[in-house]
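Analysis of the macromolecular model
Single-letter residue listing:
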Amino acid sequence: MSYITDTFDVIVVGAGHAGVEAALAAARLGGKTLLATLSLVDSIALMPCNPSIGGPAKGHLVRELDALGGQMGISADLACIQMRLLNTGKGYAVHALRGQEDKPFYHTLMKKIVEDQKNLELKQLMIDKLLVENGAVVGVEAETGEIFEAKCVILANGTYLRGRIVYG
């Protein structure tokens, strides 16, 4: 049985780096925002592999986020273990700054920032459906049957849909 639980201006599905930035931006602009994640304990801004921020590709993205008031660069500076300039043997156009991060500290810091952000509600939910009316997305439905209505839904659920992580 489905039922309407709440209404938001923005719902962000997924609390990785992109989802956290999208939710923080929406909330900081004054929108009532929901950030839905599979795990409140260990999924928020998780760095599953190499705990680095920056480099030849990601460095451009982090600088753009920083210029727009994003959180990743600020938190990366606070959680940084070491900074290194890459490609110094090549031309200036390919030099890239990369920070190696304290992985658990970065995650904890970003989690606290999300939890403390005004206008941002964080929920542990498995979103199963997008709700569409007249060709427009109007909300989401969780596996629990809860319906959350929204003016805008942002999918930031990553690249590992139905993927498995095998530890060991």
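1. Some words on the overall build of the chain
Scanning the chain from N- to C-terminus turns up four helices and nine strands. Written out in order from the N terminus, the α and β elements of the chain read β-α-β-β-α-α-β-β-α-β-β-β-β. Counting only C-alpha atoms and orienting by the principal axes, one finds that the chain spans roughly 60 × 40 × 30 Å. Long-range pairs, those at least 24 residues apart, make up 62% of the contacts in the chain between residues at least 6 apart in sequence. In the structure as shown, the chain presents an accessible area of about 10200 Å², 57% of it carried by carbon and sulfur atoms.

2. A short note on the packing of aromatic side chains
Evaluation of the coordinates by the stated rule reveals one aromatic pair. Ring centres 6.3 Å apart and planes at 45° place the aromatic pair F8 and F148 in the tilted group. Of this pair, F8 sits in strand β1 (residues 3-13) while F148 sits in strand β9 (residues 146-155), and the two are 140 residues apart along the sequence. Considered together, F8 and F148 belong to a single accessibility category, that of buried residues.

The rules we used
Residues numbered from 1 in each chain as written. Predicted model: local features only at pLDDT ≥ 70, side-chain atom pairs only at ≥ 80, totals over all residues. Heavy atoms only, no water. Helix = DSSP H or I, 4+ residues; strand = E, 2+ residues; numbered from the N terminus. Contact = heavy atoms within 4.5 Å. Areas by Shrake-Rupley, 256 points an atom, 1.4 Å probe, with all protein chains shown as cover. Phe/Tyr/Trp six-rings, centres within 6.5 Å; stacked < 30°, edge-to-face > 60°. Buried < 20%, exposed > 50% of the residue type's maximum accessible area, 1.4 Å probe, protein only.

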